[in-house]
Protein chains: 2
Amino acid sequence: PDETAAEQMRERIGQLTKPPGSLGRLETLAVDMAAVQGTIDLHVRPPAVLVFAGDHGVTAENVSAYDASLTRLMLENFTRGGAAVNVLASEIGASVTVYDIGCAGAPVAGTEQIRIRRGTGNIRVEAAMTKEECSEALDAGCDAVKRAVEGGAAVIIPGEMGIGNTTAAAAVSAKLLDLSARDVTGVGTGLSGEDLRHKEAVVEDAVKRSDKTDPSAVIQDLGGLEIAAMTGAVLEAAASRKVILVDGFIATTAALAAVHMAPWVRPFLFFGHQSEEAGHRALLDALDADPILSLGMRLGEGSGAVCAFPVLRMAARIPREMAVFSDLGL
Amino acid sequence: PDETAAEQMRERIGQLTKPPGSLGRLETLAVDMAAVQGTIDLHVRPPAVLVFAGDHGVTAENVSAYDASLTRLMLENFTRGGAAVNVLASEIGASVTVYDIGCAGAPVAGTEQIRIRRGTGNIRVEAAMTKEECSEALDAGCDAVKRAVEGGAAVIIPGEMGIGNTTAAAAVSAKLLDLSARDVTGVGTGLSGEDLRHKEAVVEDAVKRSDKTDPSAVIQDLGGLEIAAMTGAVLEAAASRKVILVDGFIATTAALAAVHMAPWVRPFLFFGHQSEEAGHRALLDALDADPILSLGMRLGEGSGAVCAFPVLRMAARIPREMAVFSDLGL
């Protein structure tokens, strides 16, 4: 990050026609974006939503309120523009590109086919994927961001779809942060009571099974193909000096893994929202992150991050378009 | 509010392709807007920002970090599009109309001249305005909303400008809620230490001086011309069944007064943000309000409410544009 641009932004904001500090988060976001973009002339349009999709062998353990076949139906829904993220992305002028990184069902027309394997292994009893597959998934995420950046994307919003992926993300998070299964296991698509305790036991078994500690090895052993791809996407977007708008629990798990691999990534991360999914708070705390919104959302797909984009956009415009006190003759 | 439309909206949302409740606040906002608009086909565009401006005799007591003459300079700034609210309103496609309800300086071209008097009396020692003046200011706020509604406005965003108006709003709030000056006096444009304690003493003196309890009499005695106009705007917007997006401390004071006058107004109020100004939380609690954003802002002008508008817009689009599970063959 460019500390000179950040300092120039602080100076600029100090001259704007308003009491010092009175725009709160809009001011600090502008400073943080200046550091990322290396200029006070901030540009955040167009944003690109990259939805990475994969299936999870651990669904055999009945850890979701939905059948694993829903992943494929939702991919069809994305391509027809009917999912929440489509509607929200349309509001912010973002493209939505869906990458099938590792779904199990028949390929869906209109999705980018980068399928590395048909779903992961059941992490309760076996590795999610091989080392090579994990590396390929990371690369696929990098490539997706390269394409988006070549297409002119100014902000990268990684999203995901994959029935079972809160279980995988919980296992990865618990391992990366040395937390208990209880700390990171949440309702996902809507579990309660016994079902939630069962999911927690599955996460605990998976974490106990794994002896990995290196972040990419943890993803390989306990994660998901879409989680690996999101991690790759974050690494590439940061290398390209792009603002990365991070969604909820799954996306933050991928961002955490990226930061554990490469701590210099952290200043490029902007956290869109506080998810209702239990465990998200622990990840945000570990990343010293203060999310922009807190709307009680827990959908994934990138939806919460997309909701936060207008705040980034406003923060980008304020320093460029507001008058300064000298314009008022003061 | 239309409970039938609200129930229809709950049913519609229950069919959308997402886990129940997973869009959090977007869902409850959609239900609340359906009740206001009497339909599940929500429309929130265009929004109209109405900035009411007035001066305050209490500035003679040195209660602000800025000179009272800044009110007029800011009116010029609004007409040139250089204020924060102009930039933010442009992002949401809102018009900004500035009403000079009671400024003290020379009239500013490009503002609507509905000036009722040249600033208020010094509320520490005298009434802010006469009963007739207060009534005229309430009417001016009503008329401003009528014009906006005739112009097609779907959402009303009342904003304000007036050096000294956090002092007046604090006095009104303390009186309406029977709170101490300390509970509701904040930094305003940026006071600290001795200056803040002095402001608190001024608010305390004003509240002690006043024997009024009726909400319009409290505004007349302790408030401001722009605060009275905002109260009128809220009453008229609710009578027109419009969604009202409430800004920070001053706007919420006016909204509180409106609710005290007419409790049926409450369901039409949507609270845009939690301001950093001390006292705002007490007002929100009294109104049982959960603001959409919390961005550490404390500028006024309607700026925080404008930042929240994209969330309302997204909440309005989701039920109309998302697919339902039967579209997926489920």
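Residues numbered from 1 in each chain as written. Chains lettered and ligands numbered in written order. Predicted model: local features only at pLDDT ≥ 70, side-chain atom pairs only at ≥ 80, totals over all residues. Heavy atoms only, no water.

A. Representation of the interface of chain B and chain A. The partner chain A presents 48 residues to the 48 residues of chain B that form the contact. Area buried by chain B at its contact with chain A is led by B:Glu91, B:Leu295 and B:Met314, which between them contribute 16% of it. On inspection of chain B and its partner chain A, the count reaches four salt bridges. Here A:Arg317 and B:Glu91 are joined by a salt bridge, their closest N and O atoms 2.6 Å apart. Inspection of the region where chain B meets chain A yields 16 residue pairs in polar contact (both at pLDDT 80 or more). Looking at the side of chain B that touches chain A, its residues break down into 29 nonpolar, 10 polar and nine charged. (Contact = heavy atoms within 4.5 Å. Buried area = accessible area lost by both parts, 1.4 Å probe. Salt bridge = Lys/Arg side-chain N within 4 Å of Asp/Glu carboxyl O. Polar contact = N/O pair within 3.5 Å; in protein donor to acceptor, adjacent residues only side chain to side chain. Nonpolar A, V, L, I, M, F, W, Y, C, P; charged D, E, K, R; others polar.)

B. Region of interest: the relation of the copies chain B and chain A. Of the transformation placing chain B onto chain A, the axial shift is 0.0 Å and the rotation is 180 degrees, giving an RMSD of 0.0 Å. In short, the pair behaves as if placed about a two-fold rotation axis. Looking at chain B, 100% of its interface residues are interface residues in chain A too, so the copies touch through the same face. (Least-squares fit on C-alpha atoms with pLDDT ≥ 70 in both.)

C. Fine view of the side chain of A:Glu200. Residue and element names in this part refer to chain A. Note on placement: Glu 200 falls in helix α8 (residues 193-209). According to the relative accessible area criterion, Glu 200 is buried, its value standing at 15%. Polar side-chain contacts of Glu 200 include one of 3.1 Å to the side chain of Arg 182. Sequence-distant contacts of Glu 200, that is, excluding residues within four places in its chain, are made with Ala 181, Arg 182 and Thr 185. (Helix = DSSP H or I, 4+ residues; strand = E, 2+ residues; numbered from the N terminus. Buried < 20%, exposed > 50% of the residue type's maximum accessible area, 1.4 Å probe, protein only.)

D. Seen up close, the sheet that holds strand β5 (residues 243-246) of chain B. Residue and element names in this part refer to chain B. Within the open sheet, the six strands sit side by side as β3-β2-β1-β4-β5-β6. Their pairing is parallel. Here the strands that pair on one side only, and so sit at the sheet edges, are β3 (112-113) and β6 (269-271). With three bridges connecting them, β5 and β6 associate as parallel partners. Across the sheet, Leu 245 pairs through a bridge with Phe 270, a residue of β6. Packing against the sheet, helix α5 (residues 131-150) makes contact with β1 (47-54), β2 (95-102), β3 and β4 (155-161), and its axis sits at approximately 155 degrees to β1. (Pairing = 2+ DSSP bridges. Axes fitted to C-alpha atoms, helices over the stretch in contact; angles between N-to-C directions.)

E. Spotlight on the packing of aromatic side chains. Tallied over the entire structure, the rule returns four aromatic pairs over all chains. For the ring pair A:Phe52 and A:Tyr99, a centre distance of 5.5 Å and an interplane angle of 25 degrees mean the geometry is stacked. Taken together, the residues span a long stretch of sequence, with A:Phe52 in strand β1 (residues 47-54) and A:Tyr99 in strand β2 (residues 95-102) at a distance of 47 residues. Comparing A:Phe52 with A:Tyr99, the two get one shared label, buried. Taken together, a centroid distance of 6.2 Å and an interplanar angle of 25 degrees make the contact between A:Phe325 and B:Tyr66 stacked. Linking A:Phe325 in the segment after α13 (303-321) with B:Tyr66 in the loop between β1 and α3 (70-79), this pair reaches from one chain into another. (Phe/Tyr/Trp six-rings, centres within 6.5 Å; stacked < 30°, edge-to-face > 60°.)

F. Structural view of the packing of helix α5 (residues 131-150) of chain A against helix α10 (residues 225-239) of chain A. Residues and elements named next belong to chain A. Two elements in contact, α5 and α10, have axes whose closest approach is 6 Å; the angle formed by their N-to-C orientations is 50 degrees. Classed by the angle they form, the pair α5 and α10 counts as oblique. Regarding α5 and α10, the two cross each other, and that crossing is right-handed. Along the contact surface, α5 presents Cys 134, Ala 137, Leu 138, Gly 141, Cys 142, Val 145 and Lys 146, while α10 presents Leu 225, Ala 228, Ala 229, Thr 231, Gly 232, Ala 233, Glu 236 and Ala 237. (Parallel < 35°, antiparallel > 145°, perpendicular 65-115°, else oblique. Left-handed = near helix turned anticlockwise from the far one by under 90°.)

G. Inspection of the domain arrangement of chain A at higher detail. Residues and elements named next belong to chain A. Looking at chain A, the domain boundaries give domain 1 (3-42 + 317-328) and domain 2 (47-311). Just the C-alpha atoms count here: the centres of domain 1 and domain 2 sit 33 Å apart. For the domain 1 and domain 2 pair, buried surface summed over both sides reaches about 780 Å², with 64% attributable to carbon and sulfur atoms. Contact with domain 2 buries surface across domain 1, with Arg 25, Leu 29 and Val 36 losing the most and accounting together for 65% of the total. (Domains from an automatic or database assignment.)

H. Structural detail: the environment of A:Lys212. Residue and element names in this part refer to chain A. On the secondary structure map, Lys 212 appears in the loop between α8 and α9 (215-222). The spacing of Lys 212 and Leu 222 is 10 residues in sequence and 9.1 Å in space, taken between C-alpha atoms. Not counting residues up to four positions away in its chain, the partners in contact with Lys 212 are Lys 175, Ala 217, Val 218, Gln 220 and Asp 221.

I. Structural context of the pairing of β1(B). Residue and element names in this part refer to chain B. Of all eight residues in β1, eight are buried; the element is thus mostly enclosed. Of the two faces of β1, the one carrying Pro 47, Val 49, Val 51 and Ala 53 and the one carrying Ala 48, Leu 50, Phe 52 and Gly 54 are both buried. The pairing of β1 with β2 spans seven bridges and is classified as parallel. What sits directly across from Val 51, in β2, is Val 98.

J. Broad picture of a negative patch on the surface. Residue and element names in this part refer to chain A. There is a patch of like negative charges on the surface, built from Glu 132, Glu 136, Asp 139 and Asp 143. As for its position among the elements, Asp 139 is in helix α5. Among the residues examined, Asp 139 registers a relative accessible area of 41% and is labelled partly exposed. (Patch = residues over 30% accessible without salt bridge, like charges linked within 9 Å, V, L, I, M, F, W, Y side chains within 5 Å. Areas by Shrake-Rupley, 256 points an atom, 1.4 Å probe, with all protein chains shown as cover. Lys, Arg positive; Asp, Glu negative; His and termini not counted. Charge placed at Lys NZ, Arg CZ, Asp CG, Glu CD.)

K. Focus on the pairing of β2(B). Sheet topology note: the β2(B)/β3(B) ladder contains two bridges and is parallel. Across the sheet, residue B:Tyr99 finds its bridge partner in β3(B), namely B:Glu112.

L. Broad picture of helix α3 (residues 70-79) of chain A. All names here are of chain A. Most of α3 is tucked away: seven of the 10 residues are buried. Buried within α3 we find Leu 70, Thr 71, Leu 73, Met 74, Leu 75, Asn 77 and Phe 78. The secondary structure elements touched by the buried residues of α3 are β1, α4 (84-92), β2 and β4 (155-161). Gly 81, located one to two residues past α3, shows a positive phi value of around 80 degrees.

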